[in-house]
Amino acid sequence: MGKIEGIKIQNYGVLKDVVLGRIRENQKARALGNLVAVIGPSGNGKSTLADAFGFIADCLEMGVEAACDANNRGGFEKLISQGAAGSISFELYYRESHKTRPITYEIEIGPDDVGRPCVRQERLRQRIEKYGRPKSFMHLLEGAGYAFEGNDSGQGDDGSITGKKIDVQLSDIRRLGIVTLGAMKQYERIEKFLGFLKSWYLCYFSPDAARRLQTAAPQAYLDRIGSNINNVAQYMYRENKREFEKVLQEIQSKLPGIEKIEPQKFDNGQMMLRFYEKGFEEPFYSQRMSDGTLKLFAYYLLLHEKNPRQLVFIEEPENGLYHHYLGELAEEMKNNVGSGFSKQLFITTHSPFFVNALGPDDVWVLTKKRDGCSEAKRASEYAFVRELAEEGVALGDMWYSKYFEDTEE
């Protein structure tokens, strides 16, 4: 369990200095909710924001140098904001539950002496007492530093120490320290936070990929492009057939034109989904379904995971979908994430129909400043939003009417 209450991004492309939600330096800001939708004209940083989350996930998996080159990023020199010197940095303000003290994770990535990207600095902080300043329970400068065991230990900015401090020297400065230390049971807080980061799911669903025939290998979670959609159905069928059929019944009620979805098991153990469409006697297998139907099915399957990923990021879910379905999808997403700490959903969208189903506190607006870099502002912070909402004007309609664009500097 857990969610991000705020994120700060510096020197990552057009996101030169962007803050969403509450961070350590601004405790008065309202925390991010369980559904965070980001809007704005093309070129204002929505895709860069999505890629920033993907970059952090890639740093965990493959190290910072490989992450800079992955997914056509072009290397560190292409990633860092134009005119910026030094490092790309991220700050995540994380809380495991409403009963736990928040944790701040800070990371700086910059060139080493020979120009190769490395982890310049990495730090985890948490308050020990109910009140007071947070103390660092992990702090590394280019792989060297310290970590603390236990849940109530750390070092203050004044050098004061509580608990057992252990010196740390990593052998690879291109790997995140939390990956190495989080594998050790003695660092329980680092282990839990690493588990949260590893649970992120960045969705790049491709209908063509979902149509591919896969080997009979049950899998608990959809991969990034959805190529294993039948394998996930197979896993759910094996784990709990009755519950899986309930999930299918609920999903099929949301898909337009679909009367029934049922799994078919083949002799080799492979599972294939059959879709019964209105007006047709014979079913269609997933390979023959439309892009929109497959995409909606994947989204609803994602929302019904038995043990959900804690953070899901979906970029432009409206692509390939009929606009009248988007309001229902947004409502389903909002209801699914609820108000607890089990799941958080980030969305970027161009669709006013999707945004109309959301509230002003759920939506963030990215706009360009005069220097060409982006800034983020919660929709509820615009005075005209409150005034028009009182008159019954939906948020997506305000955006479609270019109200937010007229506020640019």
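Structure: above.
Definitions and cut-offs
Every chain is numbered on its own, with residues counted from 1 as its sequence reads. Side-chain atom pairs in this predicted model are given and counted only at pLDDT of 80 or more, local residue features only at pLDDT of at least 70, and totals for whole chains, interfaces and linings cover all residues. Excluding hydrogens and water, the side-chain figures rest on all heavy atoms present in the structure. The buried label applies to any residue whose accessible area, calculated with a 1.4 Å probe on protein chains only, is under 20% of its type's maximum; exposed applies above 50%, and partly exposed to all values in between. Only DSSP runs of H or I with at least four residues qualify as helices, and only runs of E with at least two residues qualify as strands; both kinds are numbered from the N terminus onward. What the arc describes is the spread of directions from the helix axis to the C-beta atoms. Strand pairing is assigned whenever DSSP identifies at least 2 bridges connecting the two strands. Contacts are assigned to residue pairs that have any heavy atoms within 4.5 Å of one another. Think of each axis as a best-fit line through the C-alpha atoms, taken over the contacting stretch in the case of a helix, with angles from 0 to 180 degrees between the N-to-C directions.

## What to know about helix 5 (residues 188-198)
Here is step 1: Listed in full, the buried residues belonging to helix 5 are Arg189, Ile190, Phe193, Leu194, Phe196 and Leu197. What you see down the axis of helix 5 is that its buried residues fit within an arc of 155 degrees, all on one side.

## Observations concerning the sheet that holds strand 15 (residues 284-285)
Here is step 1: Taken in spatial order, the three strands line up as 13-14-15 in an open sheet, and their pairing is antiparallel. Strand pairing shows two members of the sheet lacking a second neighbour, strand 13 (258-265) and strand 15, which therefore form its edges.
Here is step 2: Pairing geometry for strand 14 (residues 271-277) and strand 15, over two bridges, is antiparallel. What sits directly across from Arg274, in strand 15, is Tyr285.
Here is step 3: Lying over the sheet, helix 7 (residues 229-239) contacts strand 13 and strand 14, oriented at roughly 100 degrees with respect to strand 14.

## Concerning the pairing of strand 13
Here is step 1: Note that strand 13 and strand 14 share seven bridges and pair antiparallel. Bridge pairing in strand 14 places Pro263 opposite Leu273.
Here is step 2: What sits between the antiparallel neighbours strand 13 and strand 14 is a turn of five residues, in which Gly269 has the positive phi angle 90 degrees.

## Section: unusual backbone geometry
Here is step 1: For Glu142, which is not glycine, the phi torsion reads 50 degrees and is therefore positive.
Here is step 2: Inspection of the secondary structure puts Glu142 in the loop between strand 7 (135-141) and strand 8 (144-148).
Here is step 3: If you check the backbone angles, Glu316 has positive phi at about 50 degrees while not being a glycine.
Here is step 4: Here Glu316 shows up in the loop between strand 16 (311-315) and helix 10 (323-337).
Here is step 5: Note on Glu316: relative accessible area 18%, which makes it buried.

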